[in-house]
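This is what each chain is made of:
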Amino acid sequence: MEKKNIRNTPPEELTEFLCSHGEKAFRAKQIYQWIWQKGVHSFDEMSNLSKGVREQLAAAFYFDNLRAGRIQTATDGTTKTAWELHDGQFVESVLIPGKDKYTVCVSSQVGCQLGCRFCATGTLGFKRNLSAGEIFDQVVFAQKAAEERGSTLSNIVFMGMGEPLLNYTNVLTAIKHITDENGLAMSPYRITVSTAGIPEKIRQLADDEVRFNLAVSLHAAKPDTRSRLMPVNQAYPLDQLAESLKYFVEKTGTRPTFEYLLLNGINDSTEDARTLATYCKQFPVKINIIEYNNVEGSAFKHTPDKQRDAFIHFLESRNMIVNVRRSKGKDIDAACGQLANKLKKGE
Ligand code: SF4
């Protein structure tokens, strides 16, 4: 019999397995607590199960655990880990120190099919979705790493490799286990899912009444510029995106965030700021300005500070809420996809 992924196995199926092996149904709850509350990675760690039950489980199920590959730590404490998956693929997550707590940036897919021009992951192509367990593990390991540094993990952002809303079920299942009181019990308000802008999925989030934060990678409010940077804009133009966001705001009552990566000479003029401000008038929104890390061989360049400040000043003069995300991990391959790309090439 082919082994099944224990973390993809519904509780009813696990209960049935246990009962058919002469065990009590409540064992299923214990096993789920070990997996989703304590974050264990083997049946041997489930110390309140008999050796016999553990062996029966190990004969029928497996864990799709992550294995830490190359780890890079920047001088500012930002740590990027490339994770090797059970099928030999790589994804990565980044642990980012804040004032007194940590944020982890997690991946949701191996590679990505959306091909944003400024993104190293986009050059990998799409390989597969991550399972809920593989997403969950990135958070468990980040929690441990933060604790080892005498701190805690306070925020989770889905801004690593992949488009989370194209792996909708697994991402939402992982979030359920991260926020469930029988799971890691973290607040949904400390989770942000970032999308390139898939209107039908944004509507689905609204219908599912999610309580986590939604961020949209906008990067340009001019259609031509956005299509040039993000081919997804051709399939889902800005007006469709705006309609879905209006629906999201109406149904959830929460204000999404626009991520805006400033790229010198491409989307950082006052005219670009004006177009952005007009687009943002359609619904309540916050804007996160992200500074671009210059990457060797890239056609894109970091916006000079003076230009950045003028851009922000214009938006603020239009009463927009603007935050600036300073670059972290400048001395490592901190942009999404860079480390996995290197490992794939064997560098
Ligand atoms: Fe995919 Fe996000 Fe990279 Fe775009 S920025 S290619 S959506 S991983």
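Residues numbered from 1 in each chain as written. Predicted model: local features only at pLDDT ≥ 70, side-chain atom pairs only at ≥ 80, totals over all residues. Heavy atoms only, no water.

Asker: Pulling in residues and values, what's your account of the site of the ligand?
Answerer: Taken together, C112, L114, G115, C116, C119, G122 and G162 make up all the residues around the ligand. Class assignment of the residues belonging to the shell around the ligand gives a composition of four nonpolar, three polar and no charged. (Near = heavy atom within 4 Å. Nonpolar A, V, L, I, M, F, W, Y, C, P; charged D, E, K, R; others polar.)

Asker: Run through the nonpolar core, naming residues and quoting values.
Answerer: When a protein is soluble and globular, its nonpolar side chains tend to lie buried together. Grouped together as the largest cluster of nonpolar side chains are 101 residues, with contacts concentrated most on L57, L153, I156 and L315. Among the elements that line this core, the one with the most residues is helix α4 (residues 132–148), at seven residues. In contact with L153, not counting residues within four places along its chain, are L95, Y102, T103, V104, V139, A142, Q143, A146 and M186. (Core = buried A, V, L, I, M, F, W, Y, C linked by side-chain atoms within 4.5 Å. Buried < 20%, exposed > 50% of the residue type's maximum accessible area, 1.4 Å probe, protein only. Helix = DSSP H or I, 4+ residues; strand = E, 2+ residues; numbered from the N terminus. Contact = heavy atoms within 4.5 Å.)

Asker: Mind laying out the pairing of strand β14 (residues 321–325), listing which residues take part and the relevant values?
Answerer: Relative to β14, strand β13 (residues 286–291) is paired through five bridges, and the arrangement is parallel. Residue pairing in the sheet places I290 in a bridge with R325 of β14. Tracing the backbone out of β13, into helix α11 (residues 305–317) and back to the parallel element β14 gives a crossover that is right-handed. (Pairing = 2+ DSSP bridges. Right-handed = clockwise from strand over helix to strand, strands pointing away.)

Asker: With reference to specific residues and values, describe the packing of aromatic side chains.
Answerer: For the structure shown, the criterion picks out nine aromatic pairs. Look at Y279 and F283: their rings are 6.1 Å apart centre to centre, the planes differ by 90°, and that puts the pair in the edge-to-face class. With a relative accessible area of 6%, F283 lands in the buried category. Counting every residue linked through ring pairs, the aromatic cluster contains F258, Y279 and F283. (Phe/Tyr/Trp six-rings, centres within 6.5 Å; stacked < 30°, edge-to-face > 60°.)

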